[in-house]
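The chain contents come next:
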Amino acid sequence: MLDLVLEGVRTSLGWIMHNLLIINAILSVVIIFFQRKKPTTVWAWLLVLYALPVVGFILYLLLGQNFRKERMFRAKEVEGEMKYAARKQGQSIYKKRLRLRDPELERFKQLILYNLNDGEAVLTDNNDIRIYTDGKEKFRALMYEMEHARHYIHLQYYIIKRDELWKEIEKILVRKVKQGVEVRVLFDSMGCRSMHNSDWERLEAAGIQVAEFFPAVLGNLQLRANYRNHRKIAVIDGRIGFVGGFNIGREYLGKDKKFGYWRDTHICIEGSAVVSLAVRFAYDWNYAAQENLFLEDRLFATPKFERMGRDPVQIISSGPDSQSQVIRNNYLRLIHMAQKNIYINTPYFIPDEEILNALKIAAKSGVDVRVMIPCKPDHPFVYWATYSYVGELAMAGAKCYTYDNGFIHSKCLCVDGLVTCMGTANMDIRSFALNFEVNATIYSEKTTRKLEDAFLNDINMSTLITRKKYQSRSLMIRMKEQVSRLLSPLL
């Protein structure tokens, strides 16, 4: 039997090799005429297919095809109340009735209006925001809030590792279920590939509801790197919400020797913006679990808040199912609106041409543009593409840094000490168009100043990439950059 299988595999491979030129030609026609890809992406795929015939064919199967994403990710149901609230706020802006407490924020009303119109992101202005840049503090806060849950706990993470951190969280979840709390865990199939089926079965046996986003086709064999759910959301009782860059794993506590200290940014929100996070979770849960959480009104009721915050927040999201790249467009709009400074933390910096040019224009116009990336790669091709774009910015007059105190995974853009856009989206093409992401746009001087202070403090543990340093890089680094830059539309 085994011999027959091996013979079949050899025959199939032989047929593929014999007809590889024809296959490449067919794929080229498909890429050029039948898929709406950007010209840069088209040329990158054609280069890969013809320079690396066998490898390119496999890579295209893994990364390139769309499978008509309109069918894969059917438009998720949209709540009438959310649409109505967005339209109502939009009308208030058009009629100049919406007033922000801080007069300096008035110039950002166009961004608020864009998020309402394109992302149905309702602005709430009663939010208390706590910032976490350290994994131990973030997970201590998350577990504290979970321990005090009375009605439900919803967790959504791209990566969950089966290590001591998850075991501690799992114990709390099992304990809360026994107390009558509803618990749902939504995970991404690729991000959680180190977990075993028995881990999820154990949760379900304990009464925890589990849903897998975009499951692997053959056991743990995940053939699709695109369309991953990269969101990290926790909602507790509709009262507390967490969103940001931390996944669940020991490395996020700084316990992995390869990365060292893990610098990230996460926020805890108490206020009406939590309802928007609850809705975002429900959209993804409904798709993955084939269950309509919107029938459960109690999950979206606005509870009584203990902390009376005053920060205006819009929860924005984007992904392959979105008509527009809302998060990317928020980044771009904020860059254009900056008058004093732009501070960016991102582990991966592979911007499209429009964002790159906007940053270069800002730097050359006297705006204090600063970008901070890691000093070490976790994905080599992505890192060297990142370094090439950062180098181009440095040559344009921006101040660019490599973070030396471990690994920086924070995804945060602060403008003029007034507005911040932060969450799960990196400053790269994958986050803009291929992954499901969620960010908070925060219109608050108090919160933005805190995040800018954290950025400025990180500079003390970073190395400035000067023009001289960038120009003197070795031939090997230049070659890595060039190859990675050519592949950047695919990364």
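Residues numbered from 1 in each chain as written. Predicted model: local features only at pLDDT ≥ 70, side-chain atom pairs only at ≥ 80, totals over all residues. Heavy atoms only, no water.

## Side note on helix α12 (residues 326-337)
So, point 1. Along its 12 residues, α12 runs 16 Å from first to last C-alpha, staying within 8% of the 16 Å computed at 1.5 Å per residue.
So, point 2. Among the 12 residues of α12, 9 are classified as buried, and the element is accordingly described as predominantly covered.
So, point 3. V326, I327, R328, N330, Y331, L332, L334, I335 and M337 are the residues of α12 that are buried. (Helix = DSSP H or I, 4+ residues; strand = E, 2+ residues; numbered from the N terminus. Expected span 1.5 Å × (residues − 1). Buried < 20%, exposed > 50% of the residue type's maximum accessible area, 1.4 Å probe, protein only.)

## Points about the side chain of D311
So, point 1. Residue position: D311 is located in strand β8 (residues 311-318).
So, point 2. One buried charge, D311, has no salt-bridge partner; the nearest side chain with opposite charge is K446, at 4.5 Å.
So, point 3. Separated by 2.8 Å, the side chains of D311 and S444 make a polar contact.
So, point 4. Discounting residues that sit within four places of it in the chain, D311 has contacts with T124, D125, N126, N127, I129, I442, S444, K446 and T447. (Lys, Arg positive; Asp, Glu negative; His and termini not counted. Salt bridge = Lys/Arg side-chain N within 4 Å of Asp/Glu carboxyl O. Polar contact = N/O pair within 3.5 Å; in protein donor to acceptor, adjacent residues only side chain to side chain. Contact = heavy atoms within 4.5 Å.)

## Side note on the pairing of β8
So, point 1. Most of β8 sits out of view: 8 of its 8 residues are buried.
So, point 2. Residues D311, V313, I315 and S317 of β8 are buried on one face, and the alternating residues P312, Q314, I316 and S318, pointing to the opposite face, are buried as well.
So, point 3. Pairing between strand β1 (residues 124-134) and β8: 2 bridges, direction antiparallel. By the bridge assignment, T124 is partnered in β8 with V313.
So, point 4. Judged from the 6 bridges that link them, β8 and strand β17 (residues 437-443) form a sheet pairing that is antiparallel. Looking at β17, one finds that Q314 is bridged to T441. (Pairing = 2+ DSSP bridges.)

## A word on the packing of aromatic side chains
So, point 1. For the structure shown, the criterion picks out 15 aromatic pairs.
So, point 2. Each ring, one from F187 and one from W200, has its centre 3.8 Å from the other, and the planes form 10°; the classification is stacked. Residue F187 is located in strand β3 (residues 182-188), and its partner W200 is located in helix α10 (residues 197-205); the two are separated by 13 residues in the primary sequence. Both residues of the pair, F187 and W200, belong to the buried class.
So, point 3. Their ring planes at 40° and their centres at 5.0 Å tell us that W262 and F407 sit as a pair that is tilted. Of the two residues, W262 is situated in strand β7 (residues 262-270) and F407 in strand β13 (residues 407-408); the sequence distance between them amounts to 145 residues.
So, point 4. A network of ring pairs unites the aromatic residues Y252, F259, W262 and F407 as a single cluster.
So, point 5. Directly above the ring of W285 sits R184, whose terminal nitrogen or CZ lies 5.8 Å from the centroid.
So, point 6. Against the face of Y470 rests R473, its NZ or CZ located 3.8 Å from the ring centre. (Phe/Tyr/Trp six-rings, centres within 6.5 Å; stacked < 30°, edge-to-face > 60°. Lys NZ or Arg CZ within 6 Å of the ring centre and 35° of its normal.)

Geometric descriptors of this kind do not, in isolation, establish any biological role.
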